[in-house]
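Structural overview
The primary structure of each chain is shown beneath.
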Amino acid sequence: MGGATIDEFLHTPARLNICSLLAPAEWVQFSFLRETIGTSDSALSKQLAALEQVGYVEVRKERAVRLHTSVRLTDAGRSAFDAYLASLERLVARARGAV
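Counting from 1, residues in each chain are numbered in the order their sequence is written. Only residues with pLDDT of at least 70 are given local features in this predicted model, and only at 80 or more are side-chain atom pairs given and counted; all residues enter the totals for whole chains, interfaces and linings. For side-chain calculations, the full set of non-hydrogen atoms in the structure is used, while hydrogens and water are omitted.

What follows concerns the nonpolar core. Among the nonpolar cores identified, the biggest contains 19 residues, and Leu10, Leu22, Leu33, Leu48 and Leu51 are the most heavily contacted of them. Numbered from the N terminus, helices here are DSSP runs of H or I no shorter than four residues, and strands are runs of E no shorter than two. Elements supplying a minimum of two residues to this core: helix H1 (13–22), helix H2 (30–37), helix H3 (41–53), strand S3 (67–73) and helix H4 (75–95). With four residues, the top contributor of residues to this core is H1. In what follows, residue pairs with any heavy atoms lying within 4.5 Å of each other are defined as contacts. When sequence neighbours within four positions are dropped, the list of residues in contact with Leu33 reads Ile18, Leu21, Leu22, Val28, Gly38, Leu44, Leu48 and Val71. As used here, the term nonpolar core means buried Ala, Val, Leu, Ile, Met, Phe, Trp, Tyr and Cys residues forming a set that is joined through side-chain atoms within 4.5 Å. Exposure is judged per residue with a 1.4 Å probe applied to protein chains only, and the accessible area is read against the type maximum: over 50% gives exposed, under 20% gives buried, and values in between give partly exposed.

Shown next, in the form of structure tokens:
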């Protein structure tokens, strides 16, 4: 029986929250992420920088009247998140005796 490998990088609660909000959307506003997760600008920026560094998210900053920051999962980020979810699904199935 194969084991489920958990991506330790994505396994942190903050990164999981971010990826789960980005997964169903094309672009998400920084302010929406901050308010939905309930975190500070600096804490969210730190997690986004880490995700961006490994190529999992793209951050776009645009200035109109004020600065607007949008974030999206990259193809690599979407693949990593999908693989993470598949691993969790295998663990849940095993815990429920389905495997």
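Let's shift gears to the packing of aromatic side chains. Aromatic rings from Phe, Tyr and Trp, taking only the six-membered ring of Trp, are treated as a pair when their centres fall within 6.5 Å; an angle between ring planes under 30 degrees marks them as stacked, one over 60 as edge-to-face, and anything in between as tilted. According to the stated counting rule, one finds one aromatic pair in the structure shown. Taking the centre distance of 5.9 Å and the plane angle of 75° together, the rings of Phe9 and Tyr56 count as edge-to-face. Highlighted residues: Phe9 in the segment before H1 and Tyr56 in the loop between H3 and strand S2 (57–63), separated in sequence by 47 residues. A cation over an aromatic ring shows up here: Arg15 above the ring of Phe9, its NZ or CZ 4.1 Å from the ring centre. Here Arg60 stacks its cationic end above the ring of Trp27, 3.8 Å away from the centre of that ring. Look at NZ for Lys and CZ for Arg. If either is within 6 Å of the ring centre and within 35 degrees of the ring normal, a charge sits over the ring.

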